[in-house]
Amino acid sequence: NSFVVRTNTCGELRSSHVGQKVTLYGWIQYQRQGLFLVLRDFQGLTQIIIPQDEAHSHVKKLLSNAPVESVVRVTGIVSPRPPGQENPKMPTGDIEVKAETAEILNFCKKLPFEIKDFIKKSEALRMQYRYLDLRSFQLQHNLRLRSRVVMRMREYLCNLHGFVDVETPTLFKRTPGGAKEFLVPSREAGKFYSLPQSPQQFKQLLMVGGLDRYFQVARCYRDEGSRPDRQPEFTQIDIEMSFVDQAGIQRLIEGLLQYSWPEERGSISTPFSSMTYEEALAEYGTDKPDTRFGMKIMDISDVLRLSDIQFVQNALSYPCGTVRAICIPQGVRYLKNKDLESLKESAKSEFNQEIMDIIRRPDGSLKSLLTKFLGEKQQLELIQALNMQVDDVVLLAAGEHKRVCSALGSLRLLSASLLEAAGLALRDPTAFHFLWVVDFPLFLPKAENPTELESAHHPFTAPHPSDAGLLYSEPTKVRSQHYDLVLNGNEIGGGSIRIHSAEQQRFVLEKVLKEDSEVLSHLLEALELGAPPHGGIALGLDRLISLIVDAPSIRDVIAFPKSFRGRDLMANAPDFVTPEELEPYHIQVSWPLEEKEAKKN
């Protein structure tokens, strides 16, 4: 209550305050028949008793007629609630304040929706009136917890480990590779700034500048269009260190998260588990595994290698061919036939992968289109390999390794959601499973042209020391010093040890990625002028906080988020500007024909 005119907040009064005269400020949450109202502020609720005697008739009239969500000041005496009228669900439920004077500071007109967490509102309406949505207890809690976590992170990095908090520029230039960037026009004809998708180059240049340890709560921008649960502007905890290796970065982040983790969410233990990219793909079908539950992908190639199943033999005849499966526990009991069909259709439409199902009956036998091609011994081996129990359902796929694993990894998550919807507890919502994924490939074939390569992480990632020689002969076989941090199946951070040799960096850009290195001439020159070995990481703050508070979307932990299509529905941005405003930037808008006609009309 420092610096303000209230004596207390609406969430702090207790029985120990009985008899005290207090002044509260807040919003009217609820009012009942001119007898009492509930006053709300950021900290909680307090019941206010409206006086009924003639001497305070003006106070009664004022408070009885004030609309819900009006802003008021109330001064009164803290009193114990009458016996039997205590409310154990309210922290202030043992007391009430008997109003003596009151003032309406601002009347509230009719609201577009009620300010209550249990009232369902469309997300578009919530974002249009975001300043009202922010009054809800859930958003208040999320934003205040976010603030506490960031403050603890600052303490850990700056006060305990000597990091320097540096703000880097928002107006920069285009970076090769990676996500699409927003362009900002300049007054020089044909020249544009780019909004940085991360402070990647700046933090490396800070290491060249000898700062040794850099940290920033960084605003980042990516023009990724309509992608679910992504934001065009987002926040990273951005970190870089000199003279560090991968293990050092991992220990730093484990300590950082342990130090800043909210007490009410339990404790987290370190060190975090770790697995290679290849292991993650083979066992979970993804590079961000949710390790809170089993249902791992099993390799059954050897079990079926001698079978007479034609599609299995076709798959195994190829160098990267495999036969794999996941076992859905109690699938017969919890999944309907339509569920199994939807799972198969999902694999077919998304991965072009056929799926066969196998069911273990109560008598122990198998039910499947495949059983007629399998002898009793092979069926028994299959049951043992997959540890199939009665009523389990197995989904089997055969084909190219990466496609099979990716399809089964997707089905694993879809199956888990179906099982949970049917009542089987599978993923503990209160558990936090951290995982490092390491040894990513340095390069991947481009989706639009597989004969060309792109960086799996970004072009500044250093090759794995064991594979450095392959960079110049077989770059597709090179592993990187890139590491991702995964929490409950969500990537919450990624980083790498960087290339600090100008010669190696130029080779990667020009020879492997076929990029114009001139765009990065400033960085290449810096690497020639005494650049130390360095590495770093960026944690996605929005995603991390949304997982901590179990929010359905990252928009629920951002004060003023953009919509699914990247629009600000409250201020209606982006918006049109006049030709006169565009003139200094040498820009003219070329309207599509239908929009030209609409403007004429």
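Residues numbered from 1 in each chain as written. Predicted model: local features only at pLDDT ≥ 70, side-chain atom pairs only at ≥ 80, totals over all residues. Heavy atoms only, no water.

A word on empty space enclosed by the protein. Tallied over the entire structure, the rule returns three cavities of 30 Å³ or more. Looking at the largest cavity, its volume works out to about 50 Å³. Around the largest cavity, the lining residues are Met127, Arg130, Phe560, Pro561, Asp568, Leu569 and Met570. For the lining of the largest cavity, the residue count by class is five nonpolar, no polar and two charged. (1 Å grid on protein atoms, 1.4 Å probe; cavity = no way out; pocket = protein on both sides within 12 Å on 5 of 7 lines; lining within 4 Å. Points joined across faces, edges and corners; volume = space filled by probe spheres on them. Nonpolar A, V, L, I, M, F, W, Y, C, P; charged D, E, K, R; others polar.)

For the protein, the domain assignment lists domain 1 (15-106), domain 2 (139-267 + 481-556) and domain 3 (293-422). The centre of domain 1, based on its C-alpha atoms, is set 48 Å off from the matching centre of domain 2. (Domains from an automatic or database assignment.)

If you check helix H11 (residues 337-351), its first and last C-alpha atoms are 21 Å apart, about what 15 residues at 1.5 Å a residue would give, namely 21 Å. Along its buried surface, H11 packs onto strand S13 (321-328), helix H10 (331-334), strand S14 (356-360), strand S16 (393-400) and helix H13 (401-421). Looking one or two residues beyond H11, the residue adopting positive phi is asparagine 352, at roughly 55°. (Helix = DSSP H or I, 4+ residues; strand = E, 2+ residues; numbered from the N terminus. Expected span 1.5 Å × (residues − 1). Contact = heavy atoms within 4.5 Å.)

Attention now goes to unusual backbone geometry. In this model, threonine 270 is joined to proline 271 through a cis peptide bond whose omega is 0°. Counting through the fold element by element, proline 271 comes out in the loop between helix H6 (246-260) and strand S11 (273-276). For the bond from alanine 573 to proline 574, the omega torsion is 0°, close enough to zero to count as cis. Mapping proline 574 onto the fold places it in the loop between helix H16 (541-548) and helix H17 (579-582).

Look at H11 against H13: their axes get within 10 Å of each other, and the N-to-C directions meet at 145°. Crossing of H11 against H13: the hand is right-handed. In contact with Asp339, Leu343, Ser346, Ala347, Glu350 and Phe351 of H11, H13 contributes Arg403, Ser406, Ala407, Ser410, Leu411, Leu414, Ser415 and Leu418. Tallied by class, the residues present in the contact of H11 with H13 amount to seven nonpolar, four polar and three charged. (Axes fitted to C-alpha atoms, helices over the stretch in contact; angles between N-to-C directions. Left-handed = near helix turned anticlockwise from the far one by under 90°.)

Inspection of the entire model under this criterion finds 12 aromatic pairs. Consider the rings of tyrosine 30 and phenylalanine 36, whose centres lie 6.2 Å apart with planes at 50°: the pair is tilted. On the basis of relative accessibility, which here comes to 37%, the residue tyrosine 30 falls in the partly exposed class. Pairing tryptophan 261 with phenylalanine 432 gives two aromatic rings, centres 4.9 Å apart and planes at 80°, and the pair type is edge-to-face. Within this pair, whereas tryptophan 261 is found in the loop between H6 and S11, its partner phenylalanine 432 is found in the loop between H13 and strand S17 (434-438), the two being separated by 171 residues in sequence. Classification of tryptophan 261 by relative accessible area gives buried; the value is 8%. A residue is classified by how much of its surface remains accessible, and phenylalanine 432, at 15% relative accessible area, is buried. Aromatic ring contacts, followed pair by pair, group Trp261, Phe272, Phe432 and Phe434 into a single cluster. Positioned above the aromatic ring of phenylalanine 293, the side-chain terminus of arginine 412 is 3.8 Å from the ring centre. In this structure, arginine 427 packs its charged tip against the face of phenylalanine 293, placed 5.6 Å from the ring centre. (Phe/Tyr/Trp six-rings, centres within 6.5 Å; stacked < 30°, edge-to-face > 60°. Buried < 20%, exposed > 50% of the residue type's maximum accessible area, 1.4 Å probe, protein only. Lys NZ or Arg CZ within 6 Å of the ring centre and 35° of its normal.)

Another point: the side chain of glutamine 505. Of note, glutamine 505 is situated in helix H14 (residues 502-512). Look at glutamine 505 and you get buried, because its relative accessible area is 0%.

Let's shift gears to the layout of surface pockets. Considered as a void within the structure, the second largest pocket measures approximately 430 Å³ in volume. Grouping the amino acids of the lining of the second largest pocket by side-chain chemistry returns nine nonpolar, four polar and nine charged.

Turning our attention to the sheet that holds strand S2 (residues 36-41). Reading around the circumference, S1-S2-S3-S5-S4 is the order of the five strands in this closed barrel, with mixed pairing throughout. Along the sheet, successive strands turn relative to each other by an average axial angle of 55°, direction set aside. As defined by bridge partners, strand S3 (residues 44-49) adjoins strand S5 (residues 95-106) across two bridges and the pair is classed as parallel. Across the sheet, isoleucine 48 pairs through a bridge with valine 97, a residue of S5. Sheet strands in contact with helix H1 (residues 57-65) are strand S1 (21-32), S2, strand S4 (71-80) and S5, and its direction is about 75° off that of S5. (Pairing = 2+ DSSP bridges.)

According to the stated counting rule, one finds 35 salt bridges in the structure shown. Here arginine 146 and aspartate 542 are joined by a salt bridge, their closest N and O atoms 2.8 Å apart. Of this pair, arginine 146 sits in helix H4 (residues 137-161) while aspartate 542 sits in helix H16, and the two are 396 residues apart along the sequence. Accessibility classification places arginine 146 together with aspartate 542 in one group, the buried group. When salt bridges with common partners are traced through the structure, they connect Arg126, Arg130, Asp133 and Asp556 into a single cluster. (Salt bridge = Lys/Arg side-chain N within 4 Å of Asp/Glu carboxyl O.)

Here we come to the nonpolar core. Counting 40 residues, the largest nonpolar core has Ile239, Ile253, Leu257, Phe434, Leu485 and Leu539 as the members making the most contacts within it. Elements supplying a minimum of two residues to this core: H4, strand S10 (233-242), H6, S17, strand S20 (482-487), strand S21 (490-497), strand S22 (534-540) and H16. Ranked by residue count, the leading element in this core is H4, at six residues. Core analysis: the second largest hydrophobic core is formed by 23 residues, Leu281, Leu335, Leu411 and Leu419 among them. (Core = buried A, V, L, I, M, F, W, Y, C linked by side-chain atoms within 4.5 Å.)

Another point: the side chain of aspartate 357. Here aspartate 357 shows up in strand S14. On the accessibility criterion, aspartate 357 (18% relative accessible area) is buried. Polar contacts involving the side chain of aspartate 357 include one to the side chain of lysine 344, which spans 2.4 Å. Setting aside residues up to four positions removed in sequence, aspartate 357 forms contacts with Lys344, Lys367, Ser368, Val394 and Leu395. (Polar contact = N/O pair within 3.5 Å; in protein donor to acceptor, adjacent residues only side chain to side chain.)

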